[in-house]
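Residue strings, one per chain:
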Amino acid sequence: MRMQGKFEKIFERPRTLRSTATHYCPGCGHGIVARLLAEVIDEFKIREKTVGVAPVGCSVLLYNYLDIDMYEAAHGRAPAVATGCKRVNPESIVFTYQGDGDFVSIGIAESIHAAARGEKITTIFINNAIYGMTGGQMAPTTLIGQKTTTSPRGRTSEEAGFPIRMSELLATIDGAAYIARVSVSNPKNVIQAKKAIKKAFETQINGLGYSMVEVLSHCPTDWHMTPLESTKWVEGHMMPYYPLNEFKAPKRRN
Amino acid sequence: MMKKSFMTGNEAIAEAAVQADCRHFFGYPITPQNEIPEYMSRRLPEVGGVYLQAESEIAAINMLFGAAGAGARVMTSSSSPGISLMQEGISYMVGAQLPCVIVNIMRGGPGLGGIQPSQSDYFQATKGGGHGDYHLLVLAPHTVQEAVTLTMEAFDLADKYRNPVMVLGDGYIGQMMEPVEFGRKTRQSTHPLKSWALTGAKGRPPNLVKSLYLNPKELEEHNLEINKKIQDMIKNEVRVETLLIDDAEIIIAAYGTVARIAKTAIKVLRERGLKIGMVRPITLFPFPYETFAKISKRAQKVLVVEMSLGQMVEDVMLGLSGQGCVRFYGRTGGMVPSYDEIINETEKFITEGKA
Amino acid sequence: MEKEISKPLYTNLILAGFGGQGLMFIGKLLAYSAMKTGKYVTWIPSYGPEMRGGTANCTVVISDEEIGSPVITSPQALIIMNNPSLKIFEPRLQPHGILLFNSSLITHQISRKDISAISIPANDIATKVGEKRTANMVMLGAYIARTMVIPKTAIFRGLEEFFGKKKQFLKANKQAFERGMEYTS
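Computed from a predicted structure; not experimentally measured. (Residues numbered from 1 in each chain as written. Chains lettered and ligands numbered in written order. Predicted model: local features only at pLDDT ≥ 70, side-chain atom pairs only at ≥ 80, totals over all residues. Heavy atoms only, no water.)

Engineer: What is the right way to look at the overall build of chain C in this model?
Structural biologist: Per the secondary structure count, chain C includes six helices and six strands. In chain C, the succession of helices and strands from N to C terminus is β-α-β-β-β-α-β-β-α-α-α-α. By the compact-globule yardstick of 16 Å for 185 residues, chain C fits well, its C-alpha radius of gyration being 16 Å. Projected onto its principal axes, the C-alpha coordinates of chain C cover approximately 50 × 40 × 40 Å. (Helix = DSSP H or I, 4+ residues; strand = E, 2+ residues; numbered from the N terminus. Rg over C-alpha atoms; globule rule 2.2 N^0.38 Å.)

Engineer: Honestly, the sheet that holds strand β3 (residues 50-53) of chain B in this entry has me stumped. Any pointers?
Structural biologist: Neighbouring strands of a sheet are bound in pairs by backbone hydrogen bonds; such pairs are parallel or else antiparallel. Residues and elements named next belong to chain B. Spatially, the seven strands line up as an open sheet ordered β3-β2-β4-β5-β7-β6-β13, and their pairing is mixed. Two strands in the sheet have a free side with no partner beyond their single neighbour: β3 and β13 (283-285). With direction set aside, neighbouring strand axes in the sheet form an average angle of 20 degrees. Examined bridge by bridge, strand β6 (residues 137-139) and β13 share two bridges and lie antiparallel to one another. (Pairing = 2+ DSSP bridges. Axes fitted to C-alpha atoms, helices over the stretch in contact; angles between N-to-C directions.)

Engineer: What is the right way to look at the side chain of A:E214 in this model?
Structural biologist: All names here are of chain A. Within the secondary structure, E214 sits in strand β6 (residues 210-216). Assessed through its relative accessible area of 0%, E214 is described here as buried. A polar contact is formed between the side chain of E214 and the side chain of N127, at a distance of 2.9 Å. Those residues in contact with E214 that lie beyond four places of it in its chain are F125, N127, M166, S167, A180, R181, V182 and Y242. (Buried < 20%, exposed > 50% of the residue type's maximum accessible area, 1.4 Å probe, protein only. Polar contact = N/O pair within 3.5 Å; in protein donor to acceptor, adjacent residues only side chain to side chain. Contact = heavy atoms within 4.5 Å.)

Engineer: Would you explain empty space enclosed by the protein in this entry?
Structural biologist: Picture a little ball the size of a water molecule; that probe, rolled over the atoms, points out where space is still empty. Residues and elements named next belong to chain B. Under the counting rule described, the total for this entry stands at one cavity of 30 Å³ or more. Here the largest cavity defines a volume of roughly 40 Å³. If you trace the largest cavity, you find it lined by A72, R73, V74, P99, C100, V101, F155, A158, D159 and K194. For the lining of the largest cavity, the secondary structure elements donating two or more residues are β5 (100-106) and α6 (144-161). Among the elements that make up the lining of the largest cavity, the one with the highest residue count is α6 (three residues). (1 Å grid on protein atoms, 1.4 Å probe; cavity = no way out; pocket = protein on both sides within 12 Å on 5 of 7 lines; lining within 4 Å. Points joined across faces, edges and corners; volume = space filled by probe spheres on them.)

Engineer: I would appreciate a short explanation of the interface of chain C and chain B in the present structure.
Structural biologist: Many structure descriptions define interface size as the accessible area lost when the parts assemble. Residue-level contacts link 21 residues of chain C with 25 residues of chain B. A combined buried area of about 1,900 Å² lies between chain C and chain B, and 66% of that area is made up of carbon and sulfur atoms. Together, C:M35, C:Y47 and C:V71 form the three largest contributors to the area buried by chain C at its contact with chain B, with a combined 34%. At the junction of chain C with chain B, the criterion picks out one salt bridge. Between chain C and chain B we count seven residue pairs in polar contact (both at pLDDT 80 or more) in total. (Buried area = accessible area lost by both parts, 1.4 Å probe. Salt bridge = Lys/Arg side-chain N within 4 Å of Asp/Glu carboxyl O.)

Engineer: Help me understand the nonpolar core, please; the structure alone is not making it clear to me.
Structural biologist: Taken as a class, soluble globular proteins show a tendency for nonpolar side chains to be buried jointly. In terms of nonpolar packing, the biggest core is built from 151 residues, with A:Y71 and B:M75 touching the most fellow members. Per element, the largest residue contribution to this core is 10 residues, and it comes from α6(B). Residue-level mapping places this core at the junction of two domains, with at least three residues from each of domain 1 (5-236) and domain 2 (240-352) of chain B. Ranked by size, the runner-up nonpolar core spans 52 residues in total, among them C:L23, C:M139, C:Y143 and C:I150. (Core = buried A, V, L, I, M, F, W, Y, C linked by side-chain atoms within 4.5 Å. Domains from an automatic or database assignment.)

Engineer: Help me understand the sheet that holds strand β5 (residues 176-183) of chain A, please; the structure alone is not making it clear to me.
Structural biologist: The sheet built from eight strands is open, its strands ordered β7(A)-β5(A)-β6(A)-β4(A)-β3(A)-β1(A)-β2(A)-β9(B) with mixed pairing. Two strands close off the open sheet at either side, each with one partner strand: β7 (245-248) of chain A together with β9 (208-209) of chain B. With four bridges connecting them, strand β1 (residues 50-54) of chain A and strand β3 (residues 93-99) of chain A associate as parallel partners. Within β3(A), the position partnered with A:V53 by the bridge is A:T96. Contacts from helix α1 (residues 30-43) of chain A reach β1, β3, β4 (122-127) and β6 of chain A, with the element oriented near 175 degrees to β3(A). The strands that helix α3 (residues 57-69) of chain B touches are β2 (69-72) of chain A together with β9 of chain B; relative to β2(A), the one it contacts most, it runs at about 155 degrees.

Engineer: Explanation requested: helix α6 (residues 167-184) of chain C in the structure shown.
Structural biologist: Along an α-helix, residues three or four apart share an orientation, since each turn contains 3.6 residues. Residue and element names in this part refer to chain C. Look at α6: 26 Å from first C-alpha to last across 18 residues, which is about the 26 Å you get at 1.5 Å a residue. Within α6, the full set of buried residues consists of F169, L170, A172, N173, K174, A176, F177, G180, M181 and T184. Along its buried surface, α6 packs onto β6 (116-120), α3 (122-129), α4 (135-147) and α5 (152-163). (Expected span 1.5 Å × (residues − 1).)

Engineer: Whenever I open this one, helix α9 (residues 227-241) of chain A confuses me. Can you help?
Structural biologist: All names here are of chain A. Its 15 residues place the ends of α9 21 Å apart at the C-alpha level, agreeing with the 21 Å of an ideal helix rising 1.5 Å per residue. Within α9, the axis deviates most sharply at V234, by approximately 30 degrees. Those residues of α9 that fall on the buried side of the exposure criterion are S230, T231, W233, V234, M238 and M239. Where α9 is buried, its residues meet β4, β5, α7 (187-205), β6 and α8 (220-223). (Bend = angle between axes of the 7 residues up to and from the residue.)

Engineer: Just checking my understanding: could you explain the layout of surface pockets for this structure?
Structural biologist: By volume, the largest pocket amounts to about 1,000 Å³. If you go around the largest pocket, you meet 39 residues; those closest to its centre are B:T264, C:Y10, C:E66, C:I67 and C:G68. Among the elements of the structure, β8 (177-180), β10 (240-243), α9 (256-271) and α12 (339-352) of chain B together with β1 (10-18) and β2 (40-45) of chain C are those that each provide at least two residues to the lining of the largest pocket. At eight residues, α9(B) tops the list of elements feeding residues into the lining of the largest pocket. Grouping the amino acids of the lining of the largest pocket by side-chain chemistry returns 13 nonpolar, 12 polar and 14 charged. Residues lining the lining of the largest pocket come from more than one domain, with at least three contributed by each of domain 1 (5-236) and domain 2 (240-352) of chain B. The volume enclosed by the second largest pocket comes to roughly 590 Å³. In terms of lining residues, the second largest pocket is bounded by 23 residues, among which B:Y172, B:V336, C:N57, C:V71 and C:R92 are the most central. Elements that contribute at least two residues to the lining of the second largest pocket include exactly β2, β3 (55-63) and α2 (83-89) of chain C. When grouped by side-chain class, the residues that make up the lining of the second largest pocket number 11 nonpolar, eight polar and four charged. (Nonpolar A, V, L, I, M, F, W, Y, C, P; charged D, E, K, R; others polar.)

Engineer: Just to check I follow, could you spell out the interface of chain A and chain B for this structure?
Structural biologist: On the chain B side, the residues contacting the 34 residues of chain A number 34 residues. Regarding the contact of chain A and chain B, the summed buried area is about 2,600 Å², with carbon and sulfur atoms giving 60% of it. The interface formed by chain A and chain B holds two salt bridges in total. The partner of A:R117 in a salt bridge is B:E55, and the shortest N-O contact between them spans 2.9 Å.

Engineer: Hey, could you run me through the packing of α9(B) against α12(B) in this one?
Structural biologist: Each packed pair of helices is defined by two parameters, the angle between the axes and the distance between the axes. Residues and elements named next belong to chain B. Running from N to C, α9 and α12 point in directions that differ by 55 degrees, and their axes come no closer than 8 Å. Accordingly, the angle class assigned to the pair α9 and α12 is oblique. Considering the relative orientation of α9 and α12, their crossing is right-handed. For the pair α9 and α12, the contacting residues are I261, A262, T264, A265, V268 and L269 in the first and Y339, I342, I343, T346 and E347 in the second. In terms of residue class, the contact of α9 with α12 is built from eight nonpolar, two polar and one charged. (Parallel < 35°, antiparallel > 145°, perpendicular 65-115°, else oblique. Left-handed = near helix turned anticlockwise from the far one by under 90°.)

Engineer: Sorry if this is basic, but what is going on with the pattern of salt bridges here?
Structural biologist: Working definition: two side chains of opposite charge can pair if their charged atoms are close together. Residue and element names in this part refer to chain B. In the structure shown here, the tally under the stated rule is 46 salt bridges over all chains. The salt bridge partner of K235 is D232, with a shortest N-O separation of 3.9 Å. With K235 and D232 both in helix α8 (residues 216-236), this residue pair falls three residues apart, about one helical turn. Taking the relative accessible area as the measure of exposure, K235 reaches 66% and is therefore exposed. For D232, a relative accessible area of 18% corresponds to the buried category.

By themselves, these figures tell us nothing about what the structure is for.
So, in structure tokens, the structure goes:
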């Protein structure tokens, strides 16, 4: 027997998200963030004027998943590339999508200076405390005691210094208008993450300055955990060191 | 007649870029080319353009990547150590097939070296510089006027080949003042359409600017496509000046400021009854191998003079393909060969042969 | 009578002194003014840290024909305004070359006998003109009087373009230039 009546579509693939399998490992947080990005772009109806920049790392293949104009940039240089793009076409909405190695290690100069210039771009920064693409080496955000393939006995501050809290650092910069740290470790946090990404884009759309959302994400493969264990690890280990917060936001305009 | 201006090579290059419709400049200060960014910071806002001082040469070249990818005519300028820092970005721009103009006003190296004129970045400029299978188109002016002409053409060539073009001058080309005329004003409407530019995917499928091809078969195809353009450059863009070569027994090969010094030396030597001529490569890549191949059949001797310890001399020898006799004279570290030294060296060549 | 054939003009000189004495400026002024009379000209500065308080120099070439080398090892003339520059450049002057030196500041002896050395108390003359900063123009006046490379009027036209709006300074510069010419004539 056939069901009669109307069905309302209440959930679908965002227009901006391509219908394709991703290269991300099962249980990875990247895919969630890619979807949130696509939803936000759809909701602002800016797909046709958005340009993304994805540099080296697990971020790099984002251009396969988003149905928008995109650059693949050199390792660490996405904020510089985005700057060049935005300065040529100020009406474009330009974002970078960078991992911790990219944003906090090799490209930290570009990250800080883009913020300092108040460059009207948005950065989505995926912090999973590890180098995923190259196979699990230590990141600038790897926690003390965390084992990676290049800190096999666990990171020590004596040898490798301390993990960098990028949101707190950037929040000190006048040119940064919106800075928040979120997580995608559970549905509630995912909703919060989307809100933050939306605010970051809104900051750019309103021309208020640089915006950045740090997303604590999980890497079950290189953390050698099940996906569930990895989300618990974000909450139990990362969040105490990297507290979720909206560090800086533009004042609400009346 | 056009109005003559009296300008440094650096300022003239900057103005030439503006007149060639360059509206975006990204750079980082370094001697001896600071007059270029200084000029651009004054001039570009007057014509609705953007000057931006980057946090480093690394950032500057990547801002070029972004700006060129967005469809703009873009330029940066630097000097040797700064150009070294840009190499990764240059390689990426070639890979992503992005046009841009890079000015290198060379100083002595290696390392921090010095700030006086040099030609020791010849290898870096002409043989790739960064990683991967590629070449830049390299233009080497020897007067301020020529710096203007070549800078203007550099933008057209960059667009034509979707490849970075380098204007390679030594410190004196940047610092010297000479009369100069700006003959050409291009119109934006004559520039090639950049349908590949990232301007937002409105009414068309998304564009992608990238140099990543994980599948080796695809990367090979991509590299062959880039190589096809390089072969076209070799076929179409070789430029060279020859002077008094028909009866010459010795040819002096030099480029940039050294070529001018050599011209004075040749004048003196001709007055002494010696048959000396000159070949001056204007494009260092593509190199005028053919000119040297022809010479190998006539003149027996080629004296290569450079402000380096012998870089272009390797291309001259390739051009001669084992024919004739090559002698090299070079000064380095910011020392400039004088015409007396070149005269002396030429006379020694006549009596002694190969050094 | 032998017919006089005018040879095309070719001349070069090096100007050297302390940074701030205005040698780079008079070098540019000379080259610019010569350009305006239709000559080929080049001007090359010493650049870099030298400019900041040490010795500064520039090389000017003026010619009826296209200029080959803008770099001159042995110049035909020198304008020298301090002791350290004298030490560097005197040995490089061509035989029979002209050395114009600022005797207000130069205390060292001129050692060469195969050159024309002309002593000009440029700072003293400039002080009398009432503008101490015009010692450079005194030297340039002396050079023009001695070589007649381009006429005084050409230099004055050039000066007017540089100092058009600063009437007082323009007047002082012209006066200093004339005093320099007179001193050498």
